[in-house]
Amino acid sequence: MAKALKKRALAEYSQTILVEAAAAVVQPHPPKRLRLRKPARTDGDDGIVPAVLEEEISNLDPSRSSADNFKALSRIVSFFPSTNATAETLLMAKLKTLFLKDKNAALRAKCLTTMQLLKLTHTDLVGTIEDIIRLISNESSSLVIVSGLNVAIKLATTCENRGINSRLLSLVRRFIKSTDARVKCKCLQLIATLSVVDEPEGLADTLKFVHSYSHSHEPRVRSAAFKTMLQLHEKGTHLDVSIYKDVSKYLDDDYESVRLAAIQLLWSISQTSTEHMIPTPNCTGEMMRLIDDAFAKICHAINDPCVQVRVLAATLLGKMPQVGQTFLDQTLDKKLMSDMRRKKSAHERQWEKVKSGEWSSGKKWADDAPQEVMDAGSVTLISSGAAGAFVHGLEDEFMEVRSATVDSLCTLALKSPDFSNLTLDFLVDMFNDEIEEVRLKAIDSLRSISKHIVLWEDQLETILGALEDSSIDIREGLHKLLAVCHLMTKDCVKMVLDAVLDNLKKYQQDKRSIWKCLEGVGLNHPWVVLPLVPQLLSMHPFFDTSEPDPEDPAYVSVLILVFNAAKGCNTMATLFDDKLLRHYHYLRDTLPLLVPELNIGNDLPNRHVIDKPTATTSSSVVGTALSSSASSSSSGRLVLNELANKLKSAQQLSSEMKQKLNKLVLKDFKRIAQVDNEIAAVAKFTALYVRAQLVYSNCLGSASWTQLSQNSNNEPLKLQIRSFLQLCLKMQYGFSGLTPQELGIIMQLKLRALSLQLVYIVRGSNASALASCQFLLEQAEVVQKFLESIGSTIEDDEFTRAMFLMLDQTDDPKPGTLAKLLLPLFDKPVQLLTFASPIKMIKAVIVEPTGESDTPIKFTAGLLLGISLDVEIYNLSDVSNVRVQVKYPDQQIHLLCPRRIDFRPSGVDQIRLLTTIRISHHAWTEPCPVSIAIVLNLSGPESNYNQKLVPKNDPTYIIQLCEEKQVLVAPKPAKRGL
């Protein structure tokens, strides 16, 4: 048999093939690589061979060597988890026997760790823990004890048995006296894990017991003791103030793990005993708050040689807002101490000479030497700890420390307006940091405390210098900062305007960000901008100046600043001439979000008045309601309820009358979406649902469907079915905030559309229906699982229920069989639904390119042209399906996938896509427009199991989120050289 297989394999995979080309050449075909697998017998559920497992377990024998038993155990572990209860029981007995009779510590430790892999019931679990306690009670090997305690911790947390926990804690109190540091650390960890929360007295005694091990000579034990105390504190144990002094000593420990744990414990004590008074360290008899002393000690850790300690100290400082203002201010002052002597003012020094009555005669050496030379050990914590702590953190060489310091500065500054003014200069200096993340964090921090500070010229100069940064995140962060800051003088406003206009010349893509910045500057400084208006608008008291171009971005920036300032300064409107009033009305129509509404120039003819939609509807009841819903969302809700009642009442009408009423109601829903923005998403969603019902009825009522055959012209019916499916996809993926019940109804409607598509392919076309059939079966499985997951909150509609029953009774669901069985199910009525949840529509707005330029972009044909794209996407949670659709004049459509880093959070439910798309084409005779749009490609999420079932760029599964913007391009042929 083996010889025959070998000959057949060689004959099949080692043959040669004749390739006919210009000259006939015999080329050998590369042999295929065979991968032969031995068929394995399985037990059905987990695929493990019981015979092999039992054979390996039987090999465990104390008479064999420890190395052989260790290898056998390693092979047995690879079979778990297993459902073979008999093998687990046999293995448990073997492990106990092997542990008792073998003297090898590594093997006994392996036996204990293997016990935790067994699938044990609660009773067996308790028995296993008791066996482990009994096995390790008289153990002397540290390795075995640590392994046993590890297994006991994992099993005890699953078991949660009070008696078992008490026995383990008693065992731990005996093992903790071991000389091995690993055993002590594991015992302390078990104490922290198994201590009971509802016994505060017992926890207090346990805390004292654990604290006694914080004086151990072993650093690992000291660190474990502090961590255990922290875990007991998290469980509700009150940390006694008496341990504060002992914990403070370990802030200067030689090991960083001890210092880290001590700092965390010190901070926890300061949070529970904030107002407790303790004596000052200089033994002068004065008292100070514990929170202030702890703050100073943690400040001292900013100079620790370990980076992790410095980061932790900088982070914890921001979590101590109860500290006194004196200590807080000294964190930004490094000049309190100099050369270990106390500094006094000149007046104080002269006054001391007057009081002493002695003056330096010059006859005695050093008779005028300073009398208060201090020893290093007598320096108070205020001087050596808190002084300059944040300054040291901001000047640290590691980015992590500087970043944590900036966060803490911002947190403390938000609590104290006085401290905010002190931190201003330091945060501004961080704008020159070498790391972009730190610069951006400093900008965000300064923006957070902007309500407490006022910027002067010197500080503003440093801030505006950062506008030259090449990072768009830094520039836009600065624009947001300037929009909310308070500027002291008109020169500051002029500096800001000049700087952002220079920024606009260099970076055109910052246009909208700069306009938003100047809007905030104008709103915050109306009376400061007033004296600058003649200079900004080039006004002359006697001569009429030329009219600027209202399309110039720089001029528009100035107008946005002036018009927003005029909203808070009525005097400014008297300076506007006729040209400026015309420009105001123009910008009010083109940029309504950036230009406020002013009561000026109402007598001028408005050339850009937008007609408001009137509430003319086909239905009289709905028409009267809409006329009052334009100003109130509550009225819009009433209109929606009125339309829902009309849809319910239409169920008793004939199909023809129902169609007419649905068409009228569809117009009403569209009108509501135009009138009331607050409920526009709900109205649009309901309109799509009604439109889907209309399309579905049209498909079933058309003559093409009733006379469906492969010989007739079925193209209109095909387009209607595709439209029906695309409407279902728009409802499922084009909106957010749907409840599971509403989503389930939409998925059932989509299942009806897929069934309709399958029947059309089988009966009305010559195409293969295998892929469509398989896709329908997979989608039916997905819908069934989803409906089961949401429970009985929603009922299956008649079509879905009949379809699931039909699929359960069909043994071989082939396309023809399914189409024949599905055909009579389409007469089932579509489920009526009224959407009342807070639905949000997913949409996108292309900011750049604007699509208004008439100048074509020229590039060499065949090469790439980069087009900057700036898009705002709303209410989208997952950006993995977002694509940029590029449509060329020859109707070629390309879908471009943006990078993940190109998506930036821009606000609440808002994402900004800032990227560069690259297009290419052959040469054209004249410039033609290329259309760009943002779409959702649903071929990925729809094909759950098999990616081949849904075509990659099928237009049915493409949902457009915005209007197309056109870019005029002109690819020219490459010039040939001489």
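Throughout, residues of each chain are indexed from 1 in the direction in which the sequence is written. Confidence filtering applies because this is a predicted model: local features only for residues at pLDDT of at least 70, side-chain atom pairs given and counted only at 80 or more, and all residues used for totals across whole chains, interfaces and linings. Hydrogens are left out, water is left out, and the side-chain values use all remaining heavy atoms of the structure.

**Let's talk about the overall build of the chain**
Here's step 1: If you tally the helices and strands in the chain, you get 41 helices and 18 strands.
Here's step 2: Buried residues in the chain amount to 46% of all 978 residues.
Here's step 3: A sequence separation of at least 24 residues applies to 71% of the contacts in the chain between residues at least 6 apart.
Here's step 4: Within the structure as shown, the chain displays about 51,700 Å² of accessible surface, and the carbon and sulfur contribution to it stands at 52%. Secondary structure counts use DSSP, requiring at least four H or I residues in a row for a helix and at least two E residues in a row for a strand, with both numbered from the N terminus. Each residue's exposure class comes from its accessible area (1.4 Å probe, protein chains only) as a fraction of the maximum for that residue type: buried when under 20%, exposed when over 50%, partly exposed otherwise. Two residues form a contact once any of their heavy atoms are found within 4.5 Å. A 1.4 Å probe and the Shrake-Rupley method give the accessible areas. Residues count as covered only by the protein chains that appear here.

**Comments concerning the sheet that holds strand β15 (residues 910–919)**
Here's step 1: The pairing criterion is simple: DSSP has to find at least two bridges between the two strands. Spatially, 4 strands are ordered β9-β11-β15-β14 in an open sheet, and the strand pairing comes out antiparallel. On the outer flanks of this sheet lie β9 (843–848) and β14 (903–907), each paired with one strand and no other. For this sheet the average axis-to-axis angle between neighbouring strands, irrespective of direction, equals 30°.
Here's step 2: Inspection of the sheet shows strand β11 (residues 865–874) paired to β15 by 10 bridges, in the antiparallel sense. Counted as the bridge partner of Ile873 is Ile911 from β15. Note on geometry: axes are lines fitted to C-alpha atoms, helical ones only across the stretch in contact, with angles between N-to-C directions running from 0 to 180 degrees.

**Side note on the packing of helix α26 (residues 511–524) against helix α29 (residues 553–566)**
Here's step 1: As a packed pair, α26 and α29 sit with axes 7 Å apart at the nearest point and diverge in direction by 25°. The pairing of α26 with α29 is recorded here as roughly parallel in orientation. For the crossing formed where α26 meets α29, the hand is right-handed. Residues Lys511, Ile514, Trp515, Leu518, Glu519, Val521, Gly522 and Leu523 of α26 form the contact with α29, whose own contacting residues are Pro553, Val556, Ser557, Ile560, Leu561, Asn564 and Ala565.
Here's step 2: Its residues assigned to classes, the contact of α26 with α29 comprises 10 nonpolar, 3 polar and 2 charged. Every angle not falling under 35 degrees, over 145, or within 65 to 115 is termed oblique; those three ranges are roughly parallel, roughly antiparallel and roughly perpendicular. Crossing handedness follows the turn of the near helix against the far one: under a right angle anticlockwise gives a left-handed crossing, and clockwise gives a right-handed one. Side-chain classes follow a simple rule in which Ala, Val, Leu, Ile, Met, Phe, Trp, Tyr, Cys and Pro form the nonpolar group, Asp, Glu, Lys and Arg form the charged group, and the remainder, Gly included, forms the polar group.

**Quick look at the pairing of β11**
Here's step 1: The buried fraction of β11 is high, at 7 of 10 residues.
Here's step 2: Summarising the sheet, β9 and β11 pair through 5 bridges and their orientation is antiparallel. When the sheet's bridge partners are listed, Ile846 is paired in β11 with Val871.

**Topic: the state of the cysteines**
Here's step 1: The definition used for a disulfide is geometric: two cysteine sulfur atoms within 2.5 Å. Applying the stated rule across the entire model yields 0 disulfides.
Here's step 2: The structure places no disulfide on Cys485, whose sulfur is separated from the nearest cysteine sulfur, that of Cys517, by 9.5 Å.

**A look at the nonpolar core**
Here's step 1: Take the buried residues of types Ala, Val, Leu, Ile, Met, Phe, Trp, Tyr and Cys, join any two whose side-chain atoms come within 4.5 Å, and each joined set is a nonpolar core. Ranked by size, the top nonpolar core spans 174 residues in total, and within it Leu446 and Met572 carry the most contacts.
Here's step 2: In this structure, Trp705, Met747, Val871 and Val969 belong to the second largest nonpolar core, which totals 87 residues.

**Some words on the packing of aromatic side chains**
Here's step 1: A pair of Phe, Tyr and Trp rings is counted when the ring centres sit within 6.5 Å of each other, with Trp represented by its six-membered ring. The angle between the planes then sorts it: under 30 degrees is stacked, over 60 is edge-to-face, the rest tilted. Under the defined criterion, the tally for this structure stands at 10 aromatic pairs.
Here's step 2: Summarising the aromatic geometry, the rings of Phe563 and Phe576 are spaced 5.7 Å apart at their centres and angled 85° between planes, so their arrangement reads as edge-to-face. With Phe563 in helix α29 and Phe576 in the loop between α29 and α30 (578–590), the pair connects residues that are 13 residues apart, well separated along the chain.
Here's step 3: Since its relative accessible area comes to 0%, Phe563 is described here as buried.
Here's step 4: Residue class for Phe576 comes out buried when judged on its relative accessible area of 9%.
Here's step 5: Plain terms: the ring middles of Phe685 and Phe735 are 4.8 Å apart, the flat faces sit at 85° to each other, and that makes the pair edge-to-face.

**Brief notes about a negative patch on the surface**
Here's step 1: Only residues whose relative accessible area exceeds 30% and that form no salt bridge enter a patch; like-charged residues are grouped when within 9 Å of one another, and nonpolar side chains (Val, Leu, Ile, Met, Phe, Trp, Tyr) when within 5 Å. Whenever a carboxyl oxygen of Asp or Glu lies within 4 Å of a side-chain nitrogen of Lys or Arg, that contact is scored as a salt bridge. The positive count covers Lys and Arg only, the negative count covers Asp and Glu only, and His and the chain ends enter neither. Charge coordinates come from a single atom per side chain, which is NZ of Lys, CZ of Arg, CG of Asp or CD of Glu. Residues Asp425, Asp429, Asp458 and Glu461 make up a contiguous surface patch of negative charge.
Here's step 2: Of all the secondary structure elements, the ones that give two or more residues to the negative patch are α21 (417–429) and α23 (457–465).
Here's step 3: By the secondary structure assignment, Glu461 is in helix α23.

**Details of the pattern of salt bridges**
Here's step 1: Tallied over the full model, the rule gives 32 salt bridges.
Here's step 2: Across the pair Asp180 and Arg182 runs a salt bridge, and its minimum N-O distance is 3.4 Å.
Here's step 3: Classification of Asp180 by relative accessible area gives buried; the value is 18%.
Here's step 4: For Arg475, the salt bridge goes to Asp510, with nearest N and O atoms at 2.5 Å. Of the two residues, Arg475 sits in helix α24 (residues 472–484) while Asp510 sits in the loop between α25 (490–506) and α26, which places them 35 residues apart along the sequence.
Here's step 5: Several salt bridges converge on common partners, so that one network encompasses Lys96, Asp131 and Arg134.

**Topic: the pairing of strand β12 (residues 882–887)**
Here's step 1: Buried residues dominate β12, accounting for 5 of its 6 residues.
Here's step 2: In this structure, β12 lies alongside strand β16 (residues 928–937), joined through 6 bridges in antiparallel fashion. What sits directly across from Lys887, in β16, is Ser931.
Here's step 3: The hairpin formed by β12 and strand β13 (residues 893–896) contains 5 residues between the paired strands, and Gln891 there has a positive phi angle of roughly 70°.

**Here we look at the environment of Leu194**
Here's step 1: In this fold, Leu194 is placed in helix α9 (residues 181–194).
Here's step 2: Spatially, the C-alpha atom of Leu194 lies 8.0 Å from that of Ile153, the residues being 41 residues apart in sequence.
Here's step 3: With residues near it in sequence (within four places) discarded, Leu194 still touches Ala156, Asn165, Leu168, Leu169 and Lys235.

**A look at helix α3 (residues 66–77)**
Here's step 1: The span one expects for a helix is its residue count, reduced by one, times 1.5 Å. With 12 residues, α3 ought to run about 16 Å at 1.5 Å a step, and its terminal C-alpha atoms sit 16 Å apart, in line with that.
Here's step 2: Listed as buried for α3 are Asn69, Ala72, Leu73 and Ile76. The buried residues of α3 occupy an angular sector of 100° when the element is viewed end-on, so they sit on one face. Read the arc as the range of directions from the helix axis to the C-beta atoms.

**A closer look at helix α38 (residues 770–789)**
Here's step 1: For α38, built from 20 residues, the straight-helix expectation of 28 Å at 1.5 Å per residue is met to within 8% by its first-to-last C-alpha distance of 29 Å.
Here's step 2: Every buried residue of α38 is accounted for by Ser772, Cys773, Phe775, Leu776, Glu778, Gln779, Ala780, Val783 and Leu787.
Here's step 3: Of the surrounding elements, those touching the buried residues of α38 are α37 (740–764), α39 (798–809), α40 (815–822) and α41 (939–942).
Here's step 4: One or two positions beyond α38, positive phi appears at Gly791, with a value near 75°.

**What to know about a nonpolar patch on the surface**
Here's step 1: Taken together, the side chains of Val454, Trp456 and Met488 define a hydrophobic patch exposed on the protein surface, amounting to about 250 Å² of accessible area.
Here's step 2: Summarising the element assignment, Met488 is placed in the loop between α24 and α25.

**Quick word on the packing of helix α34 (residues 680–701) against helix α36 (residues 715–733)**
Here's step 1: Between α34 and α36, the shortest axis-to-axis distance is 9 Å and the interhelical angle comes to 155°. Comparing their axes, α36 and α34 come out roughly antiparallel. In this structure, α34 meets α36 at a crossing whose hand is left-handed. Residues Phe685, Leu688, Tyr689, Arg691, Ala692, Val695, Tyr696, Asn698 and Cys699 of α34 form the contact with α36, whose own contacting residues are Leu717, Gln720, Ile721, Phe724, Leu727, Lys730 and Met731.
Here's step 2: Of the residues that constitute the contact of α34 with α36, the class distribution is 12 nonpolar, 2 polar and 2 charged.

**A word on the environment of Asp131**
Here's step 1: Mapped onto the elements of the fold, Asp131 is located in helix α6 (residues 122–136).
Here's step 2: C-alpha separation for the pair Asp131 and Lys96, spaced 35 residues apart in sequence, amounts to 8.4 Å.
Here's step 3: For Asp131, the residues in contact, after removing those within four places along its chain, are Met92 and Lys96.

**Here we look at a positive patch on the surface**
Here's step 1: Together, Lys660, Lys663, Lys667, Lys670 and Arg691 line one region of the surface with positive charge.
Here's step 2: Ranked by residues supplied to the positive patch, first place goes to helix α33 (residues 655–675) with 4 residues.
Here's step 3: By the secondary structure assignment, Lys660 is in helix α33.

**Focus on unusual backbone geometry**
Here's step 1: Residue Pro849 is bonded to the preceding Glu848 through a cis peptide linkage, with omega at 0°.
Here's step 2: In this structure, Pro849 sits in the loop between β9 and β10 (857–860).
Here's step 3: Residues other than glycine seldom take positive phi values, yet Gln891 does so here, at roughly 70°.
Here's step 4: Unlike most non-glycine residues, Asp909 shows phi in positive territory, near 55°.
Here's step 5: Its location among the elements puts Asp909 in the loop between β14 and β15.
Here's step 6: Note on Asp909: relative accessible area 39%, which makes it partly exposed.

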